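Next come the chains, spelled out residue by residue.
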6 protein chains.
Amino acid sequence: MRFDGREKGILRQVEMVPGYIKHPEGSILITVGDTKVICSASVEDRVPPFMRGEGRGWVSAEYAMLPRATEHRNIRESSKGKVTGRTMEIQRLIGRALRAVVDLDALGERTIWLDCDVIQADGGTRTASITGAFVAMVIAIAKLHAATPFAKFPVNDFLAATSVGVLEDGTAVLDLNYVEDSAAAVDMNLVMTGAGRFVELQGTGEEATFSEDELSELITLGKKGIAELITFQKEILGEEVSHLIGGQV
Amino acid sequence: MRFDGREKGILRQVEMVPGYIKHPEGSILITVGDTKVICSASVEDRVPPFMRGEGRGWVSAEYAMLPRATEHRNIRESSKGKVTGRTMEIQRLIGRALRAVVDLDALGERTIWLDCDVIQADGGTRTASITGAFVAMVIAIAKLHAATPFAKFPVNDFLAATSVGVLEDGTAVLDLNYVEDSAAAVDMNLVMTGAGRFVELQGTGEEATFSEDELSELITLGKKGIAELITFQKEILGEEVSHLIGGQV
Amino acid sequence: MRFDGREKGILRQVEMVPGYIKHPEGSILITVGDTKVICSASVEDRVPPFMRGEGRGWVSAEYAMLPRATEHRNIRESSKGKVTGRTMEIQRLIGRALRAVVDLDALGERTIWLDCDVIQADGGTRTASITGAFVAMVIAIAKLHAATPFAKFPVNDFLAATSVGVLEDGTAVLDLNYVEDSAAAVDMNLVMTGAGRFVELQGTGEEATFSEDELSELITLGKKGIAELITFQKEILGEEVSHLIGGQV
Amino acid sequence: MRFDGREKGILRQVEMVPGYIKHPEGSILITVGDTKVICSASVEDRVPPFMRGEGRGWVSAEYAMLPRATEHRNIRESSKGKVTGRTMEIQRLIGRALRAVVDLDALGERTIWLDCDVIQADGGTRTASITGAFVAMVIAIAKLHAATPFAKFPVNDFLAATSVGVLEDGTAVLDLNYVEDSAAAVDMNLVMTGAGRFVELQGTGEEATFSEDELSELITLGKKGIAELITFQKEILGEEVSHLIGGQV
Amino acid sequence: MRFDGREKGILRQVEMVPGYIKHPEGSILITVGDTKVICSASVEDRVPPFMRGEGRGWVSAEYAMLPRATEHRNIRESSKGKVTGRTMEIQRLIGRALRAVVDLDALGERTIWLDCDVIQADGGTRTASITGAFVAMVIAIAKLHAATPFAKFPVNDFLAATSVGVLEDGTAVLDLNYVEDSAAAVDMNLVMTGAGRFVELQGTGEEATFSEDELSELITLGKKGIAELITFQKEILGEEVSHLIGGQV
Amino acid sequence: MRFDGREKGILRQVEMVPGYIKHPEGSILITVGDTKVICSASVEDRVPPFMRGEGRGWVSAEYAMLPRATEHRNIRESSKGKVTGRTMEIQRLIGRALRAVVDLDALGERTIWLDCDVIQADGGTRTASITGAFVAMVIAIAKLHAATPFAKFPVNDFLAATSVGVLEDGTAVLDLNYVEDSAAAVDMNLVMTGAGRFVELQGTGEEATFSEDELSELITLGKKGIAELITFQKEILGEEVSHLIGGQV
């Protein structure tokens, strides 16, 4: 039994509030346990300079935390005058993960900006960001599609993410909260598609190592969690939009 | 009749959700029309270097907007590597305004950090931030007081803020939304106390000027709005905490 | 009687040396008591990117102090690598104030840069900067006009600024020097036109508040001081140039 | 057959020149194919502020490339005024990987700085950096040990890294050079210990995904490569120093 | 005959106004032709961290130009967020030059900050800065000496600087103005002491070279100019203070 | 006899390894005693914005040191977020020196970037950088010439640099190593051409001064050293390429 009473393979409670803020083309508030992230998708009708004129689109992500999203107040990155390495690593991960299921050619020469702003943090903020940003992005792209239908809907598959880890006592668990994450020997983030394929797999032993058997067990737990998250995403997006993805559900 | 059907002296609908995020000592989500700001108050047990050892406290504010709080996406200040002049001006205003009603000696050698993060913007974000930050700050100080009572409660009076302005047609109005604010000839921000005294008064004619009569009319409207906001703050804080402020209600 | 022997409604001694430095299209050294500011106006034949092609002009200001303009040496903002909030606030104020009396359409697609560099500071540097920058700007625009006459002279009215404040003993006074300013309960900056209309009014109680009666008294003092400053500006500019402003004197 | 004639499970030619630069406590030039990295280990007799007084040591890494280490010249990060996200990600990985095999308590209150400077890049610079930095670090720690023997030698196991990936034609290969890496559908970096345990496993499909079977094949190839690299590290370090690691070879 | 009618070995007209600004311990406005620099010397009762506790003093210089000191307006270094290479080079030169004639041991553990702010530029700003900063520094040190006499006056000799150069037609000239400097094939800055010894000699052929004979001629001209500048410095400082320097005049 | 056994007029041992790294159009590793610098020349087919469309080329240099090139580890400039004054001064010197022997018109509208990265430092890094960068640049330009012959080979003469100085005991010496340099009273860098003309001459007395006789002696030593370095450059470049320079050898 875990700290918060969950079994090892159980996700925390997940909620998604689509349309949480009014200006973005797509937005949701995703809640995973006590972690809350506002994900917004903004459509810009141009691409970064290095891609201009190629007719392909781009997907880019930014991630930040409110100063008091955490137990102790963090100095704002804007006040520091620079983005930390952790933030850069996370926002690069989010962008890369989402691009893996987007058909950039079908999207056409536009950029989807995904802003993931953590308003309350309790572990798993990067994986909640990916899971939520996917929904915000699909809402925005569906809105483009409603206005001017794409020849091919530019999202190839569903995409969600979760964390798994090995606790100090050697138990492998799904969806670690902050207390578990701080003490875990091994921490792994998994990003997978609706078809059960890997997009990212990042396993880390901070001052620790892990075996192939542990790796297998973590992957099994992660796959189960991601499948549940994708089922939830489909409910939120509704049948009509879900059918557009990959040309099938 | 105004754009959104309000009479000239009517505030937009105001809501305050105390405890909106769990980590800060005090927090609220304040909604004024379509403007939404998360205000959090964090207590730090030390003061800035230039004040150490004097036994006095400090109150400091920071202000930011999510990139897509506005109709068009803004580049993050952390990505730009610097805080804009507008942000600096606003956060200096918030801090200065709150310090006007705080007894820094009574507070003792600690800092109250007020973070005002705009998640949706529709005009009046700085005044909503002040009105909300005051409540978050009082919640945090009341929590300190509950743990170890202050000899004198360190908040001297209530404090709220609103905007007033002169529209293009010459009408003076209370609490401008974004559409009104963009077109207004004169824009004024007022910060006042529960006793009806001024803390800040900033009137600006951007490419325009105004007369003493217009100034008087704006002040009359502003006083009315602020009195209503303070009545609302008292409801949210409750009678017990409200009584602590200034030794009376 | 005040610290330096002045009555409460008396300005410090004012001097203006036009043409103080040779390269700018317009320049003056303005002296208000012991406060000395070099104001220069530079004409650039283009506008900021967001305004290009609209046929309108722009007026932009920058403000700085020499490191030892003050009693204690300040670290240069260039060495710090960033402009402080105070500087940003002041330079935004100067630009906004001057734009209120400039007809940007009549100016045509060019920028007037106003550089206000404080070489000696003794209170009231931002208001001296506005009063001096107005003169430097008019000199530069008159030079443009002499070369190629404008259909309409692009300056609509005179503009000057001063500070007023409430001293610790409750006296309202005009044109505070540094010693008075440091100890004042209330500090207000007023920017007004030749026609006696307000452009900016910024009243602040740092750790203090003020009443409507005090506000009225401060405005009365400020109006008197500004009228005197504008009389002086007219002398410096001479009758011929003064007549160009607003089509009348 | 691959581009450069290698079979899919064959490493590029590896060379290590210990003592390549004279000032650091430990240094090597590691060459993997056409990738060349100068790794240096510097010992500093203090730890970062957040760790002071705990009696534990720290290991920190920095990574950079000469501007023309690559086919096209890159702008220096010092000229840009900031470290890119890619660099931060890599240097955080190197530091974390090395700390997994260091006994920070046994090291005592000192920092080992690992500088990995790529002078020529042809794919696999981060994994070559880890493999080389491990050797530089052991040389530096062995030098400390020679001067004042540690009660326990603070390195628990060998550590090396390599990359594996899936080429466009679906072949899984070991140790990708730049041409292969640019075109690969899946790219994975593996860091493992002498005991065959994982330290880091980072698999990424840039605009692609991968299956569990592909994951297994990649891990098998990676383990083989890392075992060979560790054999080579032992030769370079010599029997005497190698015996110190983990109390056994 | 030169552009402005001078013979090749003639300095431009030099003026020095001591006490030009009131706050610094020492200040002058130095004018060399149309080049005008405010030099101020500030005394700080501590030294940089790397020198603390050694009982020695330090002399440090900063240099800047007002944006419109030049014919075309320059962007402020504070707005750019960094000091340019040219500025750094100049301020390092000024500091180094002055330290060559200061007895840092005799000065005791304090820093003299020299701020050289060019308000109008017409060539030779760095050499005018050195010549002026020397006077400002001596005034400040003499003030310290008047309050608490030094056992040994900490200035060993006079110090002044000038520029010399080879014009396009091959003529070697003294004290180039901006027009001459822009077109010169060779530019040399000389810093020398009252005893006629070299402190700095920086000769540069920008897209040109020079011979040993040209070098000799330039040095001869420079020595003459510096001797005249030092005679002028003595007049400004007065006989009493001048006698303190190096224990003799 | 000097610290390392050399006579006063003897250079340290010099080596140059052309083609040391494979990507740049020209590269060498230059070794002067224990100072080692990788010099690379990159050709870019455009010039800086201020020169576009003029048909002339540009030569620009950057200089850096690995953090542990020195006895004590230096913080990376990329981590500090800015380039130090020393680095700026050196890279401006290198660029200026090389431009003195390049015919920018003959080069055509392209930029040669010279990157000088010090991997091991023992005094004289800036002069070794110039001597090495010249060779790397000629290799790159000869490669351009081989592909499409220039009407006039754009390098006018050979160029090399060395340092000379006056030791504490008054001896003038050639090519100071770090130990000598640290203790020297006078330090001078000389850059000269194959024809024996000066390009740069920078003599500095840090907290010291020097006489004309000392200057003469230093120049004599420097000329001898530079002549030897140029002889060596010719050997490395080979007769064919050397003949291209200045139309003669």
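Please read all numbers here as calculations on a predicted model, not as lab measurements.

Asks: Explain the UniProt feature "domain: Exoribonuclease phosphorolytic" (unreviewed entry) in chain A here, please?
Replies: Residue and element names in this part refer to chain A. Residues annotated by UniProt as "domain: Exoribonuclease phosphorolytic" (unreviewed entry) correspond here to residues 11-140 and 158-225. Between the C-alpha atoms that bound residues 11-140 the distance is 27 Å, and the span itself is 30% helix and 31% strand. Here residues 158-225 is 29% helix and 38% strand, with 14 Å between the C-alpha atoms at its ends.

Asks: So what exactly am I meant to see when it comes to the relation of the copies chain A and chain D here?
Replies: When chain A is fitted to chain D, the best match, at an RMSD of 0.0 Å, comes from turning it 180° and sliding it 0.0 Å along the axis. Both copies of the chain, as the preceding transformation shows, are related through a two-fold rotation axis. Judged by C-alpha distance, Gln-202 of chain A is the residue of chain A that lies nearest the rotation axis, at 2.2 Å. A high fraction, 100%, of the interface residues of chain A reappear at the interface in chain D, so the copies pair face to face through one surface.

Asks: I would appreciate a short explanation of the interface of chain A and chain D in the present structure.
Replies: The interface of chain A with chain D comprises 35 residues on the first partner and 35 residues on the second. For the chain A and chain D pair, buried surface summed over both sides reaches about 3100 Å², with 49% attributable to carbon and sulfur atoms. At the boundary of chain A with chain D, the tally comes to six salt bridges. With a closest N to O distance of 2.6 Å, Glu-89 of chain D and Arg-92 of chain A form a salt bridge. Along the contact surface separating chain A from chain D lie 14 residue pairs in polar contact (both at pLDDT 80 or more). Broken down by secondary-structure element, the contributors of at least two residues to the side of chain A that touches chain D are helix 2 (85-99), strand 8 (186-193), strand 9 (198-204) and helix 6 (212-244) of chain A.

Asks: I'm lost on the packing of helix 2 (residues 85-99) of chain F against helix 4 (residues 125-147) of chain F in this one. Help?
Replies: Packed helices, taken two at a time, are described by the angle their axes make and the gap between the axes. Residue and element names in this part refer to chain F. Closest axis-to-axis distance for the helix 2/helix 4 pair is 10 Å, and the angle between their directions is 40°. One finds that helix 2 runs oblique with respect to helix 4. As helix 2 runs across helix 4, the sense of the crossing is right-handed. Residues Arg-86, Glu-89, Ile-90, Leu-93, Ile-94, Ala-97 and Leu-98 of helix 2 form the contact with helix 4, whose participating residues are Thr-125, Arg-126, Ser-129, Ile-130, Ala-133, Phe-134 and Met-137. Residue composition of the contact of helix 2 with helix 4, grouped by class: nine nonpolar, two polar and three charged.

Asks: Hey, could you run me through the sheet that holds strand 4 (residues 58-65) of chain F in this one?
Replies: Within a beta sheet, neighbouring strands are joined by backbone hydrogen bonds and run either parallel or antiparallel to one another. Residue and element names in this part refer to chain F. The strand order 1-2-3-5-4 describes an open sheet built from five strands, whose pairing is mixed. Both outer strands of the open sheet, strand 1 (14-18) and strand 4, are each paired with one neighbouring strand and no more. Across the sheet, the mean angle from the axis of one strand to that of its neighbour is 20°, orientation sign disregarded. Strand direction decides the pairing type here: strand 2 (residues 26-32) and strand 3 (residues 35-44), joined by seven bridges, are antiparallel. The residue of strand 3 that forms the bridge with Thr-31 is Lys-36.

Asks: Can you walk me through unusual backbone geometry in this structure?
Replies: Keep in mind that most residues, glycine aside, have a negative phi and that most peptide bonds are trans. Despite not being glycine, Asp-175 of chain C shows a phi value in the positive range, around 60°. Tracing the chain through its elements places Asp-175 of chain C in the loop between strand 7 (172-174) and helix 5 (178-183).

Asks: Mind showing me how you'd approach the interface of chain C and chain E here?
Replies: It is common to report an interface's size as the accessible area lost on association of the parts. Chain C puts 36 residues into the contact, and the matching count from chain E is 36 residues. Three residues, His-23, Arg-68 and Arg-73 of chain C, lead the burial of chain C against chain E; their summed loss comes to 24% of the area buried on that side. Inspection of the region where chain C meets chain E yields 14 salt bridges. Among the ionic pairs, Arg-68 of chain E bridges to Glu-25 of chain C, the shortest N-O distance being 2.7 Å. Inspection of the chain C/chain E interface yields 27 residue pairs in polar contact (both at pLDDT 80 or more). The leading source of residues in the side of chain C that touches chain E is strand 5 (residues 111-120) of chain C, at six residues. Partitioned by chemical class, the residues of the side of chain C that touches chain E number 14 nonpolar, eight polar and 14 charged.

Asks: How should the sheet that holds strand 6 (residues 159-166) of chain D be read in this particular structure?
Replies: The eight strands lie next to each other as 7(A)-6(A)-8(A)-9(A)-9(D)-8(D)-6(D)-7(D), forming an open sheet whose pairing is antiparallel. Bordering the open sheet on either side are strand 7 (172-174) of chain A together with strand 7 (172-174) of chain D, each of which pairs with just one other strand. On average, adjacent strands in this sheet sit at an angle of 15° to one another, irrespective of strand direction. Bridging between strand 6 (residues 159-166) of chain A and strand 8 of chain A involves eight bridges; their strand directions are antiparallel. The residue of strand 8 of chain A that forms the bridge with Gly-165 of chain A is Asp-187 of chain A. Strand contacts of helix 6 of chain A: strand 6, strand 7, strand 8 and strand 9 of chain A together with strand 9 (198-204) of chain D, with the helix running at about 145° to strand 6 of chain A, the strand carrying the most contacts.

Asks: How should I be thinking about the packing of helix 4 (residues 125-147) of chain C against helix 6 (residues 212-244) of chain C in this particular structure?
Replies: Residues and elements named next belong to chain C. As a packed pair, helix 4 and helix 6 sit with axes 11 Å apart at the nearest point and diverge in direction by 5°. It follows from the interaxial angle that helix 4 and helix 6 lie roughly parallel. Contact residues: Thr-131, Phe-134, Val-135, Val-138, Ile-139, Ala-142 and His-145 in helix 4; Leu-229, Gln-233, Ile-236, Leu-237, Val-241 and Leu-244 in helix 6. Each residue belonging to the contact of helix 4 with helix 6 can be placed in one class, and the counts come to 10 nonpolar, three polar and no charged.

Asks: I tried to follow the nonpolar core on my own but got confused; where do I start?
Replies: Nonpolar side chains tend toward joint burial in soluble globular proteins. Ranked by internal contacts, the top residues of the largest apolar core, which has 479 residues, are Phe-134 of chain A, Phe-134 of chain B, Phe-134 of chain C, Phe-134 of chain D, Phe-134 of chain E together with Phe-134 of chain F. Each residue touching Phe-134 of chain B, except ones within four places of it in the same chain, is listed here: Leu-98, Val-101, Val-155, Asp-157, Phe-158, Leu-159, Gln-233, Leu-237 and Ile-245 of chain B.

Asks: So what exactly am I meant to see when it comes to the UniProt feature "binding site: phosphate" (unreviewed entry) in chain A here?
Replies: Residues and elements named next belong to chain A. In the numbering used here, UniProt assigns the feature "binding site: phosphate" (unreviewed entry) to Arg-86, Gly-124, Thr-125 and Arg-126. These annotated residues cover 41 residues of sequence, and their C-alpha atoms lie no more than 13.5 Å from one another, placing them together at a single site. Residue position: Thr-125 is located in helix 4 (residues 125-147). Overall, the relative accessible area of 6% leaves Thr-125 in the buried class. What Thr-125 contacts, discounting residues up to four positions off in sequence, is Thr-35, Val-37, Tyr-63, Arg-86 and Val-118. Mapping Arg-126 onto the fold places it in helix 4. Arg-126 gets classed as buried once you look at its relative accessible area, which sits at 19%. Apart from the residues lying within four places of it in its own chain, the contact partners of Arg-126 are Arg-86, Glu-89, Ile-90, Leu-93 and Asn-189.

Asks: Any chance you could explain the layout of surface pockets here in plain terms?
Replies: The probe, sized like a water molecule, is rolled over the atoms to show the empty space still left. All names here are of chain D. As a volume, the second largest pocket reaches approximately 240 Å³. Elements with a contribution of two residues or more to the lining of the second largest pocket: strand 4 (58-65) and strand 5 (111-120). Taken together, the residues of the lining of the second largest pocket break down into six nonpolar, two polar and three charged.

Calculation criteria
- Per-chain numbering applies: the sequence of each chain, read as written, is numbered from 1 onward.
- Each chain takes a letter, starting from A, and each ligand takes a number, starting from 1, following the order in which they are written.
- This being a predicted model, a pLDDT of at least 70 is required before a residue's local features are given, and a value of 80 or more before pairs of side-chain atoms are given or counted; all residues contribute to the totals for chains, interfaces and linings.
- Side-chain numbers come from the whole structure's heavy atoms, not from hydrogens or water.
- UniProt positions are given in the numbering used here, feature names are shortened, and annotations may be inferred rather than shown by experiment.
- Runs of H or I in DSSP of at least four residues are treated as helices and runs of E of at least two as strands, each being numbered from the N terminus.
- Residues reaching a pLDDT of at least 70 in both copies supply the C-alpha atoms on which the copies are superposed by least squares.
- Note on contacts: a residue pair qualifies if any of its non-hydrogen atoms lie within 4.5 Å across the two residues.
- Note: buried area is the sum, over both parts, of the accessible area (probe 1.4 Å) each one loses when the two are combined.
- Each reported salt bridge corresponds to a side-chain nitrogen of Lys or Arg within 4 Å of a carboxyl oxygen of Asp or Glu.
- Here a polar contact is recorded for every N or O atom pair within 3.5 Å, except that within protein the pair must consist of a potential hydrogen donor and a potential acceptor, and residues adjacent in sequence are included only if both atoms are side-chain atoms.
- Axes here mean lines fitted to C-alpha atoms, for a helix over just the part in contact, with angles spanning 0 to 180 degrees between N-to-C directions.
- Roughly parallel refers to an angle under 35 degrees, roughly antiparallel to one over 145, roughly perpendicular to one between 65 and 115, and oblique to any angle outside these ranges.
- In this scheme, a crossing is called left-handed if the near helix is turned counterclockwise away from the far one by less than a right angle; it is called right-handed if the turn is clockwise.
- Three classes are used: nonpolar for Ala, Val, Leu, Ile, Met, Phe, Trp, Tyr, Cys and Pro, charged for Asp, Glu, Lys and Arg, and polar for all others, with Gly counted as polar.
- Only strands that DSSP links by at least two bridges are regarded as paired with each other.
- Throughout, nonpolar core names a set of buried Ala, Val, Leu, Ile, Met, Phe, Trp, Tyr and Cys residues whose side chains join them through atoms within 4.5 Å.
- Burial here depends on accessible area, computed with a 1.4 Å probe over protein chains only, as a share of the maximum for the residue type. Under 20% is buried, over 50% is exposed, and the range in between is partly exposed.
- A 1.4 Å probe that fits into a set of points on a 1 Å grid over the protein atoms alone but cannot get out defines a cavity; an open set with protein on both sides within 12 Å along at least five of seven lines defines a pocket, and lining residues are those with an atom within 4 Å of a point.
- Grid points are joined across faces, edges and corners, and a volume is the space filled by probe spheres set on the points.

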